[in-house]
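The residues making up each chain are set out below.
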Amino acid sequence: MGKIYERIDGRLRTFIEAQPLFFTATAPLSGDGTVNLSPKGLKGSFAVLDELTFAYLDFAGSNAETVAHLRENGRITLMWCAFEGPPNIVRVHGRGEAVLRDDPRFKELLGRFPDIDPSLHGLRAIIVVTAETIRDSCGYAVPFMTYDEDRDLHARRFAREDDDSLSAYFATRQIATSLDGLPGLPLPLPPSTV
């Protein structure tokens with residue numbers, strides 16, 4: 001049924017890179033804090049950096065729970081499900097970090113995403129995850145679903161924003177702090193280096 005792996009390579013890497021959707025889960029240290037689970041998509045916004053390291057682009061949205069939890073404790077789980085083909089679920093439990101736009105590593109990391117125009121999506125940060133435990137499971141109960149295409153709504157909504165208007169938008173959302181009051185994204189956003 002399930003197996004634990006030392007690294008992402010071969011079949012696992014091929015599977016992960018082929019999925020149009022994955023999920024992230026984080027939580028604060030507080031036992032009564034809010035657990036966060038987010039779907040992530042958009043073709044080209046996820047990259048395998050090496051056998052233990054992943055990154056994905058963190059785009060504009062209405063909150064910043066993942067960033068806040070990573071800033072507090074670094075714990076994150078990523079999960080991919082096979083909605084087509086043989087059943088499979090892959091989970092990566094690890095440590096994550098939000099690399100913000102003013103971080104010297106930001107520009108080099110952004111180069112790992114050549115197939116997406118980040119200016120269309122209000123790019124806030126790049127989330128980098130180092131795997132600690134990699135495991136799969138059967139996925140027998142995951143339904144078959146087909147992927148048609150990415151929605152264009154996010155790009156249409158955020159392509160018209162610049163750094164100032166994005167910061168103003170974020171000031172009206174739950175971005176600077178998490179639902180539990182943890183520090184989220186610093187506002188105003190640092191200027192984009194791209």
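Note: the structure precedes this text.
Basis of the calculations
- Residues numbered from 1 in each chain as written.
- Predicted model: local features only at pLDDT ≥ 70, side-chain atom pairs only at ≥ 80, totals over all residues.
- Heavy atoms only, no water.
- Salt bridge = Lys/Arg side-chain N within 4 Å of Asp/Glu carboxyl O.
- Helix = DSSP H or I, 4+ residues; strand = E, 2+ residues; numbered from the N terminus.
- Phe/Tyr/Trp six-rings, centres within 6.5 Å; stacked < 30°, edge-to-face > 60°.
- Lys NZ or Arg CZ within 6 Å of the ring centre and 35° of its normal.
- Buried < 20%, exposed > 50% of the residue type's maximum accessible area, 1.4 Å probe, protein only.
- Contact = heavy atoms within 4.5 Å.
- Pairing = 2+ DSSP bridges.
- Arc of directions from axis to C-beta.

(A) Expanded view of the pattern of salt bridges. Tallied over the entire structure, the rule returns 10 salt bridges. Between Arg-7 and Glu-51 there is a salt bridge, with its nearest N and O atoms 3.3 Å apart. Here Glu-51 lies in the loop between strand 4 (46–50) and strand 5 (53–58) and Arg-7 lies in the loop between strand 1 (3–5) and helix 1 (10–18), a separation of 44 residues in the sequence. By sharing partners, the salt bridges in this structure join Glu-6, Arg-7 and Glu-51 into a single network.

(B) Looking closely at the packing of aromatic side chains. Taken as a whole and judged by the stated rule, the model has eight aromatic pairs. Counting every residue linked through ring pairs, the aromatic cluster contains Phe-22, Phe-46, Phe-54, Tyr-56 and Trp-80. Directly above the ring of Phe-170 sits Arg-124, whose terminal nitrogen or CZ lies 5.7 Å from the centroid. Sitting over the face of the ring of Tyr-169, Arg-157 holds its NZ or CZ atom 4.8 Å from the ring centroid.

(C) Local environment of the environment of Ala-27. Among the secondary structure elements, Ala-27 is positioned in the loop between strand 2 (22–26) and strand 3 (36–40). A residue is classified by how much of its surface remains accessible, and Ala-27, at 17% relative accessible area, is buried. Spatially, the C-alpha atom of Ala-27 lies 9.1 Å from that of Ala-68, the residues being 41 residues apart in sequence. Once residues lying within four places of it in the same chain are set aside, the contact partners of Ala-27 are Thr-34, Val-35, His-69, Asn-73 and Arg-75.

(D) Seen up close, the pairing of strand 8 (residues 125–137). The pairing of strand 1 with strand 8 spans three bridges and is classified as antiparallel. Within the sheet, the bridge partner assigned to Tyr-5 lies in strand 8 and is Ile-134. Looking at chain direction, strand 5 and strand 8 are connected through six bridges and run antiparallel. Following the sheet pairing, Phe-54 is matched in strand 8 by Val-129. When strand 7 (residues 89–100) meets strand 8, the two strands line up antiparallel, connected through 12 bridges. Residue Gly-94 lies in a different strand from strand 8, and its bridge partner there is Ala-131.

(E) Representation of helix 5 (residues 163–171). What helix 5 keeps buried is the set Leu-166, Ser-167, Tyr-169 and Phe-170. Viewed end-on, helix 5 has its buried residues packed into an arc of 160 degrees, placing them on one side of the element. For helix 5, the exposed residues set more than 90 degrees away from the buried face come down to Asp-164 and Ala-171. The inward-facing, buried residues of helix 5 contact helix 4 (153–158).

(F) Representation of the pairing of strand 6 (residues 75–81). Pairing analysis gives three bridges linking strand 2 to strand 6, with the strands arranged antiparallel. Bridging across to strand 6, Thr-24 finds its partner in Leu-78. When strand 6 meets strand 7, the two strands line up antiparallel, connected through seven bridges. Directly across from Leu-78, in strand 7, lies its bridge partner Val-92.

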